[in-house]
Amino acid sequence: MNDILHIVVPCYNEEEVIENSIKVISEKLNQLIRSNKISKKSKIVIVDDGSKDNTINIVKKLQLKNKFLMIIKLSRNFGHQFAMYAGIMETRKNVDMIITMDADLQDDINAIDDMIDEYYKGNEIVYGVRNNRDNDSWFKRNSALVFYKVMSFLGGEIINNHADFRLMSKRSLEELSRYEESNLFIRGIIPKLGFQTSKVYYKRLDRKAGSSKYNLRKMLGLAIDGITSFSIKPIRFIIGIGIIFSFLSFIYLMYVIISYFRGADVVNGWVTIIALVCFFGSFQIFCIGVIGEYISKIYLETKRRPKYIIDEIIE
Ligand code: UDP
Ligand code: MG
């Protein structure tokens, strides 16, 4: 078995960890080559996602002594998903399989052996699934839980507790490349590819150094993009609520009219009126927001913008 493996690692401001991570991943590749699991032509693809710190210089320097390293430098920060996508798409022609993993080694490097075994058993996609979230903050744990729940409720097939640590075969990468949408939500698309897949469980470790590059804003952005690029259920939901509210308002209107003919003091309803005005006002703004979110998706799709721009590739 001599298949070529690329390990694609998106990096954004990772100067504190990158040197060690490259060392650890290189050792892993050496070990896999020695045990004849992968080809000598295997590589580590570092995608520099427009880092503002010293990451790129560190990697360039390491590359002089490390035959595994290949660098793809993006022209600016495109975000984790697109950096990963750039690494996959630019190199998929030369490989048999690609594993994507984070630069901070939070994904257990030893799970790679199992992933490759699963690949040789005929699986086109192997998901790395974490079996613990102990070392995540309370907030991260629960926000992730809410996200998975909402996604599955909305019909997006998402693998629980799987982030972007996965192996993909050349064939599945080829199919992934045919999804041309600009709002690519990779985690949601991959289960839609089908094929024989498998999961490998691992314990997620603490970040070795530096801090998470995902702040609340980026996480929320990912969640909203995930939902709206995937599912039109929010729009259906709004229509449903609209129908229920119209029905309720109709009943209420009947009540008001009957009260009027019965000679009740109609000015009495002040509180109700204010309450309803506030409620419907805010609900309408929310709905416009949801619809706007979809329109913005259409807007971005029609532009057919590139998903990433490469500054340089150093092999
Ligand atoms: N990352 C990236 N671009 C960004 C943000 C993050 O390429 O805009 C990379 C980052 O360098 C790391 C991976 O994505 O390799 C995951 O980021 P991080 O560890 O900060 O996320 P967390 O593990 O906290 O979810
Ligand atoms: Mg991390």
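Throughout, residues of each chain are indexed from 1 in the direction in which the sequence is written. Each chain gets a letter, beginning with A, and each ligand a number, beginning with 1, in the order they are written. pLDDT decides what is reported in this predicted model: residues at 70 or higher carry local features, side-chain atom pairs at 80 or more are listed and counted, and totals for whole chains, interfaces and linings draw on all residues regardless. The basis for the side-chain values is all heavy atoms of the structure; hydrogens and waters are excluded.

Considering the overall build of the chain
Now for step 1: Secondary structure assignment for the chain yields 10 helices and 8 strands.
Now for step 2: A globule of 315 residues ought to have a C-alpha radius of gyration of about 20 Å, yet the chain, at 25 Å, is considerably larger.
Now for step 3: Taking the principal axes of its C-alpha atoms as reference, the chain extends roughly 95 × 40 × 40 Å.
Now for step 4: In what follows, residue pairs with any heavy atoms lying within 4.5 Å of each other are defined as contacts. When contacts within the chain are restricted to residue pairs at least 6 apart in sequence, long-range pairs at least 24 apart make up 83% of them.
Now for step 5: Entry remark: accessible area of the chain is about 17,000 Å², with carbon and sulfur atoms responsible for 60%.
Now for step 6: In this tally, Asp and Glu contribute negative charge and Lys and Arg positive charge; neither His nor the terminal groups of the chain are included. Note that the charge is assigned to NZ on lysines, CZ on arginines, CG on aspartates and CD on glutamates. Across the chain, the centroid of the 44 positively charged side chains sits 2 Å from that of the 36 negatively charged ones. A run of H or I in DSSP counts as a helix once it spans at least four residues, and a run of E counts as a strand once it spans at least two, with each numbered from the N terminus. Atoms counted for the radius of gyration: C-alpha only. Globule rule: 2.2 Å times residue count to the power 0.38. Exposure was quantified through the Shrake-Rupley algorithm and a 1.4 Å probe, taking into account, for residues, occlusion by the shown protein chains and nothing else.

Concerning the coordination of the magnesium ion (ligand 2)
Now for step 1: A donor here means any N, O or S atom no more than 2.8 Å from the metal (3.2 Å for Na, K and Ca); water is not included, so a site may seem to lack partners. Around the magnesium ion (ligand 2), the donor atoms from the protein are Asp-104 (OD) and Gln-106 (OE1), and they sit 1.8 to 1.9 Å away. Accessibility classification places Asp-104 together with Gln-106 in one group, the buried group. Under the scheme applied here, a residue whose accessible area is under 20% of the maximum for its type counts as buried, over 50% as exposed, and between as partly exposed, the area being computed with a 1.4 Å probe on protein chains only.

Comments concerning the packing of helix 1 (residues 18-34) against helix 4 (residues 111-120)
Now for step 1: Following both chains from N to C, one finds helix 1 and helix 4 inclined at 40 degrees, their axes separated by 11 Å at the closest point. By the criterion of interaxial angle, the relationship of helix 1 to helix 4 is oblique. The crossing of helix 1 and helix 4 is right-handed. Residues Lys-28, Gln-31 and Leu-32 of helix 1 pack against Ile-112, Asp-113 and Ile-116 of helix 4.
Now for step 2: Of the residues in the contact of helix 1 with helix 4, the class split is 3 nonpolar, 1 polar and 2 charged. Fitted lines through C-alpha atoms serve as axes, helices being fitted only where they are in contact, and the angles separating the N-to-C directions of these axes extend from 0 to 180 degrees. Oblique is the label for any angle not under 35 degrees, not over 145, and not in the 65 to 115 range, which are roughly parallel, roughly antiparallel and roughly perpendicular in turn. The hand of a helix crossing depends on one turn: near helix anticlockwise from the far one by less than a right angle means left-handed, and clockwise means right-handed. Classes in brief: Ala, Val, Leu, Ile, Met, Phe, Trp, Tyr, Cys and Pro nonpolar; Asp, Glu, Lys and Arg charged; the others, Gly included, polar.

As for the packing of helix 1 against helix 2 (residues 55-63)
Now for step 1: At a closest axis distance of 10 Å, the pairing of helix 1 and helix 2 adopts a crossing angle of 35 degrees. Handedness of the crossing formed by helix 1 with helix 2: right-handed. Across from Ile-18, Glu-19 and Ile-22 in helix 1, the residues of helix 2 making contact are Thr-55, Ile-58, Val-59 and Leu-62.
Now for step 2: Looking at the contact of helix 1 with helix 2 residue by residue, the class counts come to 5 nonpolar, 1 polar and 1 charged.

Digging into the pattern of salt bridges
Now for step 1: Should a side-chain nitrogen of Lys or Arg be within 4 Å of a carboxyl oxygen of Asp or Glu, the pair is scored as a salt bridge. Following the criterion strictly, the structure yields 10 salt bridges and no others.
Now for step 2: Taking the shortest distance from any N to any O, the salt bridge between Asp-311 and Lys-73 comes out at 2.8 Å. In this pair, Asp-311 is assigned in strand 8 (residues 310-314) and Lys-73 in strand 3 (residues 69-74), connecting sequence segments 238 residues apart.
Now for step 3: Ionic pairing is found between Glu-174 and Arg-92, a salt bridge with its closest N-O pair at 3.0 Å. With Glu-174 in helix 6 (residues 170-176) and Arg-92 in the loop between helix 3 (80-91) and strand 4 (97-100), the pair connects residues that are 82 residues apart, well separated along the chain.

Some remarks on the packing of aromatic side chains
Now for step 1: Paired rings are identified among Phe, Tyr and Trp, the last through its six-membered ring, by centres lying within 6.5 Å, and are further divided according to the angle between planes into stacked (under 30 degrees), edge-to-face (over 60) and tilted (the rest). Tallied over the full model, the rule gives 3 aromatic pairs.
Now for step 2: Between the aromatic rings of Tyr-85 and Tyr-308, the centroid separation amounts to 6.2 Å while the plane-to-plane angle is 65 degrees, which identifies the pairing as edge-to-face. Of the two residues, Tyr-85 sits in helix 3 while Tyr-308 sits in the loop between helix 10 (270-303) and strand 8, which places them 223 residues apart along the sequence. Taken as a pair, Tyr-85 and Tyr-308 share a single burial class, namely buried.
Now for step 3: Geometrically, the ring pair formed by Phe-165 and Tyr-202 is edge-to-face, given 5.2 Å between the ring centres and 90 degrees between the ring planes. Here Phe-165, found in the loop between helix 5 (138-153) and strand 6 (166-169), pairs with Tyr-202, found in strand 7 (residues 197-202); they are 37 residues apart in sequence, far enough to count as distant.
Now for step 4: You can call Phe-165 buried: its relative accessible area is 0%.
Now for step 5: The ring of Phe-68 carries Lys-67 above its face, with NZ or CZ at 4.2 Å from the centroid. Sitting over a ring, as applied to charges here, requires NZ of Lys or CZ of Arg to be within 6 Å of the ring centre and within 35 degrees of the ring normal.

Here's the deal with the sheet that holds strand 1 (residues 5-11)
Note on sheets: strands pair through backbone hydrogen bonds, and any given pair is parallel or antiparallel.
Now for step 1: At least two bridges found by DSSP between two strands is the condition for calling them paired. With mixed pairing, the 8 strands of this open sheet are ordered in space as 7-5-6-4-1-2-3-8. The sheet is open, and its two borders are formed by strand 7 and strand 8, each paired with just one other strand. This sheet shows a mean twist of 20 degrees between the axes of neighbouring strands, independent of strand direction.
Now for step 2: Pairing of strand 5 (residues 125-130) with strand 7 involves 6 bridges; the strand directions are parallel. Paired with Arg-130 across the two strands is Tyr-202, which belongs to strand 7.
Now for step 3: Helix 1 rests against strand 1, strand 2 (43-48) and strand 3 of the sheet, and its axis sits at about 155 degrees to strand 2.

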